[in-house]
Amino acid sequence: MSHAAAPCVLLVEDDSSITRFVEMALDQLPIELLTCTTVPAAVALLQQRDVKLVITDLMLPGESGISLVKRMAADPLLGRDTRVAVFSAGLTLAVKDQLEDLNLWRVLSKPIAVQELENCVRDALATQAATDALAPASAPAPFPPAQAPTPIDAEGASAPCTPAEKLAITTHFGGDAQLFTTYRAACLKQFAADVHTGDAAAQTRDWPALRRLAHSLATVLLTLGRPEDSLTARALEDAAAANAAPACLTGWGQLRTRLGTSI
């Protein structure tokens, strides 16, 4: 939700389905959400806009999210008072060690609950909101209280939910079944594009691209309450990271079939 003079939050994320999740999660906050998919694009926005919070993925095409954080730390014109939250599904011990020395506001793990993401933004902007309150003429609208989730009815929302989907609604969507079904519908449309991307990567043996796709799909599928499909994507991600061509081709075929049943 965009408001006049609203604080800017920048999301750096190359997966459309995850971007959509963040947009939906933050829709009711009085912020302007900017989105981009690469570090150069993020740097350009930071140079042009007064961004209060950056939420960045780590695995991006080209430069990584860690590179973005380091560039912001090295250039005061980029960093200013901007807070940074890393948003990643790859928070291994090695990655956490890399993040320890960076000036991060928060580290968020994918998949994430809507309320946790919303709270991160609220907390990051709390100081700015307090400062703006001293100047009522230009202050943005106050943050509204979190809305009560839509309860899961007996028949589910728009389609019957599996037990795993019901768990996902509770875990990631705060019990809001309508929000889940809206997000699921957007993801099902995106899967067709994901299949096209995966086919192109497999055909050209572009394992880094296939790895990024599998990495993102692992999070999306888990968010949707499809843990077995998520594990298939995670196995493909590992194969692509190892440049194991036969395993990549087999793994993509398996994941493609699972996605195809949803399209």
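Residues numbered from 1 in each chain as written. Predicted model: local features only at pLDDT ≥ 70, side-chain atom pairs only at ≥ 80, totals over all residues. Heavy atoms only, no water.

A. Examining the pairing of strand β3 (residues 51-56) more closely. Most of β3 sits inside the fold, with six of its six residues counted as buried. Summarising the sheet, strand β1 (residues 8-12) and β3 pair through five bridges and their orientation is parallel. Residue pairing in the sheet places Leu10 in a bridge with Val54 of β3. Where β3 lies against strand β4 (residues 83-88), four bridges are found, and the strand directions are parallel. Within β4, the residue paired with Val54 across the bridge is Val84. (Buried < 20%, exposed > 50% of the residue type's maximum accessible area, 1.4 Å probe, protein only. Helix = DSSP H or I, 4+ residues; strand = E, 2+ residues; numbered from the N terminus. Pairing = 2+ DSSP bridges.)

B. Representation of the sheet that holds β3 within the structure. Spatially, five strands are ordered β2-β1-β3-β4-β5 in an open sheet, and the strand pairing comes out parallel. This sheet does not close on itself; its edge strands, each paired only once, are β2 (32-36) and β5 (106-109). Each adjacent strand pair in this sheet contributes to an overall mean axis angle of 20°, direction not counted. Lying on the sheet, helix α1 (residues 16-25) is in contact with β1, β2 and β4; it crosses β2 at an angle near 175°. (Axes fitted to C-alpha atoms, helices over the stretch in contact; angles between N-to-C directions. Contact = heavy atoms within 4.5 Å.)

C. Looking closely at the packing of helix α10 (residues 227-241) against helix α11 (residues 245-260). Viewed as axis vectors pointing N to C, α10 and α11 meet at an angle of 155°, and their least axial separation amounts to 9 Å. Taken together, the axis directions place α10 and α11 in an arrangement best described as roughly antiparallel. As α10 runs across α11, the sense of the crossing is left-handed. From α10, Glu228, Asp229, Thr232, Ala233, Leu236, Ala239 and Ala240 reach across to α11, where they touch Ala247, Cys248, Gly251, Trp252, Gln254, Leu255 and Arg258. The residue makeup of the contact of α10 with α11, split by class, is eight nonpolar, three polar and three charged. (Parallel < 35°, antiparallel > 145°, perpendicular 65-115°, else oblique. Left-handed = near helix turned anticlockwise from the far one by under 90°. Nonpolar A, V, L, I, M, F, W, Y, C, P; charged D, E, K, R; others polar.)

D. Structural view of unusual backbone geometry. Residue Pro111 follows Lys110 across a cis peptide bond; omega there is -10°. The residue Pro111 is located in the loop between β5 and α6 (114-132) in this model. Unusually for a residue other than glycine, Arg205 sits at a positive phi of about 60°. Counting through the fold element by element, Arg205 comes out in the loop between α8 (177-203) and α9 (207-223). Residue classification places Arg205 among the partly exposed positions, given a relative accessible area of 45%. Here Asn243, not a glycine, exhibits a phi torsion of approximately 55°, which is positive. Inspection of the secondary structure puts Asn243 in the loop between α10 and α11.

E. Representation of the pattern of salt bridges. If you walk through the whole model with that rule in mind, you get 13 salt bridges. Residue Asp50 is joined to Lys52 by a salt bridge in which the shortest nitrogen-to-oxygen separation is 3.0 Å. Note on Lys52: relative accessible area 19%, which makes it buried. In this structure, Arg71 engages Glu63 in a salt bridge whose closest nitrogen and oxygen atoms are separated by 2.7 Å. Among the ionic contacts, a cluster of salt bridges with common partners joins Glu13, Asp57 and Lys110. (Salt bridge = Lys/Arg side-chain N within 4 Å of Asp/Glu carboxyl O.)

F. Quick peek at the side chain of Thr19. Here Thr19 shows up in helix α1. Ignoring anything within four residues of it in the chain, the contact list for Thr19 reads Leu11, Glu13 and Thr35.

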